Amino acid sequence: MRLLSVLLFALVFGAGALASPRDPEQYFFDQTFGDFSEELENAREQGKKGILLMFEMDECPFCQRMKATVLNRPEIQDYFRKHFLVFSVDIEGDIEISDFQGNPMTMKDFALKQFRVRATPVFQFIGLDGKPVKRGRYTGATRDAEEFMLLGKYIVEDAWKETSFSRYKRQARKR
């Protein structure tokens with residue numbers, strides 16, 4: 001049974017590795033007018049698990065690496081778009097948005113004051129209640145696409161309610 005699981009995993013990720021990379025701006029991130037209270041309602045209506053925010057900035061090499069090696073992969077894009085609405089937030093941005101309660105502010109104030117983002121990238125999962133998912137924050141670039149996929153499954157499977165992401169990864173590698 002374990003061999004079958006390993007072969008199935010290799011087939012899924014092996015086929016994904018052969019698929020042509022796609023632009024993450026078009027295929028990973030959803031478009032938004034910056035009203036996150038409205039986006040939260042959209043996520044509920046679409047039956048999503050929640051919202052994923054990627055806090056980033058232009059000159060961040062780790063953000064660029066994530067986009068070039070992980071977020072451009074079709075299997076990553078398809079999985080995350082199936083389960084979440086996904087938005088990018090520029091931590092230095094002066095563009096006005098509305099937070100999950102409908103309060104207007106700039107992107108940089110949203111990032112710093114509400115989420116205390118000081119380094120990038122930060123991936124923050126938001127539940128359908130508009131609150132950050134407990135244990136649903138990942139700071140930095142993941143090691144690879146496999147680890148990022150595990151992060152998504154950790155949230156989708158509600159494993160965050162029982163264990164840390166580190167333990168979840170260890171258990172997943174044993175399977």
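Residues numbered from 1 in each chain as written. Predicted model: local features only at pLDDT ≥ 70, side-chain atom pairs only at ≥ 80, totals over all residues. Heavy atoms only, no water.

S.K.: I'm lost on the overall build of the protein chain in this one. Help?
M.R.: Looking only at helices and strands, the protein chain has eight helices and six strands in total. For the protein chain, the succession of helices and strands along the chain, N to C, is α-α-α-β-α-α-β-β-β-α-β-β-α-α. Residue burial in the protein chain is summarised as follows: out of 175 residues, 48% are buried. In the protein chain, once contacts between residues fewer than 6 apart in sequence are set aside, the share between residues at least 24 apart is 66%. As displayed, the protein chain has an accessible area near 9600 Å², and 54% of this comes from carbon and sulfur atoms. (Helix = DSSP H or I, 4+ residues; strand = E, 2+ residues; numbered from the N terminus. Buried < 20%, exposed > 50% of the residue type's maximum accessible area, 1.4 Å probe, protein only. Contact = heavy atoms within 4.5 Å. Areas by Shrake-Rupley, 256 points an atom, 1.4 Å probe, with all protein chains shown as cover.)

S.K.: Explain the environment of E92 to me, please; I cannot follow it from the model alone.
M.R.: By secondary structure assignment, the location of E92 is in the loop between strand 2 (84–90) and strand 3 (96–98). Separated by 37 residues in the primary sequence, E92 and F55 have C-alpha atoms spaced 9.7 Å apart. Among all residues touching E92, those that are not within four sequence positions of it are M57, E59 and K108.

S.K.: Any chance you could explain the packing of helix 7 (residues 145–156) against helix 8 (residues 165–174) here in plain terms?
M.R.: Two numbers describe a pair of packed helices, the interaxial angle and the distance between the axes. Closest axis-to-axis distance for the helix 7/helix 8 pair is 10 Å, and the angle between their directions is 110°. One finds that helix 7 runs roughly perpendicular with respect to helix 8. Both helix 7 and helix 8 take part in a crossing whose hand is right-handed. Contacts from E147, L150, L151, K153 and Y154 of helix 7 reach helix 8 at F165, Y168, K169 and A172. Of the residues in the contact of helix 7 with helix 8, the class split is six nonpolar, no polar and three charged. (Axes fitted to C-alpha atoms, helices over the stretch in contact; angles between N-to-C directions. Parallel < 35°, antiparallel > 145°, perpendicular 65-115°, else oblique. Left-handed = near helix turned anticlockwise from the far one by under 90°. Nonpolar A, V, L, I, M, F, W, Y, C, P; charged D, E, K, R; others polar.)

S.K.: I tried to follow the side chain of D99 on my own but got confused; where do I start?
M.R.: If you trace the backbone, D99 turns up in the loop between strand 3 and strand 4 (104–106). One buried charge, D99, has no salt-bridge partner; the nearest side chain with opposite charge is K113, at 11 Å. At 2.8 Å, the side chain of D99 forms a polar contact with the backbone nitrogen of N103. Once residues within four sequence positions are removed from consideration, D99 is found in contact with F36, S37, M105, F110 and Q114. (Lys, Arg positive; Asp, Glu negative; His and termini not counted. Salt bridge = Lys/Arg side-chain N within 4 Å of Asp/Glu carboxyl O. Polar contact = N/O pair within 3.5 Å; in protein donor to acceptor, adjacent residues only side chain to side chain.)

S.K.: Honestly, helix 7 in this entry has me stumped. Any pointers?
M.R.: Note that an α-helix has 3.6 residues per turn; residues three or four places apart therefore point the same way. In this model helix 7 runs 16 Å from its N-terminal to its C-terminal C-alpha over twelve residues, within 8% of the 16 Å that 1.5 Å per residue would give. Of all twelve residues making up helix 7, ten are buried, and the element is well covered by its neighbours. One or two residues past the end of helix 7 sits D158, with phi positive at roughly 60°. (Expected span 1.5 Å × (residues − 1).)

S.K.: What am I meant to see in helix 4 (residues 61–69) here?
M.R.: Listed in full, the buried residues belonging to helix 4 are C63, M66 and K67. Each buried residue of helix 4 sits inside an arc of 95° when the element is viewed along its axis, so together they form one side. Away from the buried face of helix 4 by more than 90 degrees, exposed residues P61 and A68 are located. Its buried side turned inward, helix 4 meets helix 2 (24–27), strand 1 (50–56), strand 5 (122–126) and helix 7. (Arc of directions from axis to C-beta.)

S.K.: Hey, could you run me through the pairing of strand 5 in this one?
M.R.: A regular strand carries its side chains on alternate faces of the sheet. For strand 5, the tally of buried residues reaches five of five residues, placing the bulk of the element in the interior. Covered by surrounding structure in strand 5 are V122, Q124 and I126 together with F123 and F125, the residues of both alternating faces. Direction of pairing for strand 1 relative to strand 5: antiparallel, over a ladder of five bridges. Note on strand 5: the bridge partner recorded for L52 is F125. Judged from the four bridges that link them, strand 5 and strand 6 (residues 132–139) form a sheet pairing that is antiparallel. In the strand pairing of strand 6, V122 is matched with T139. Between the end of strand 5 and the start of strand 6, which pair antiparallel, lie five residues, with G130 showing a positive phi angle near 85°. (Pairing = 2+ DSSP bridges.)

Interpretation note: all reported values are geometric properties and have no functional meaning in isolation.
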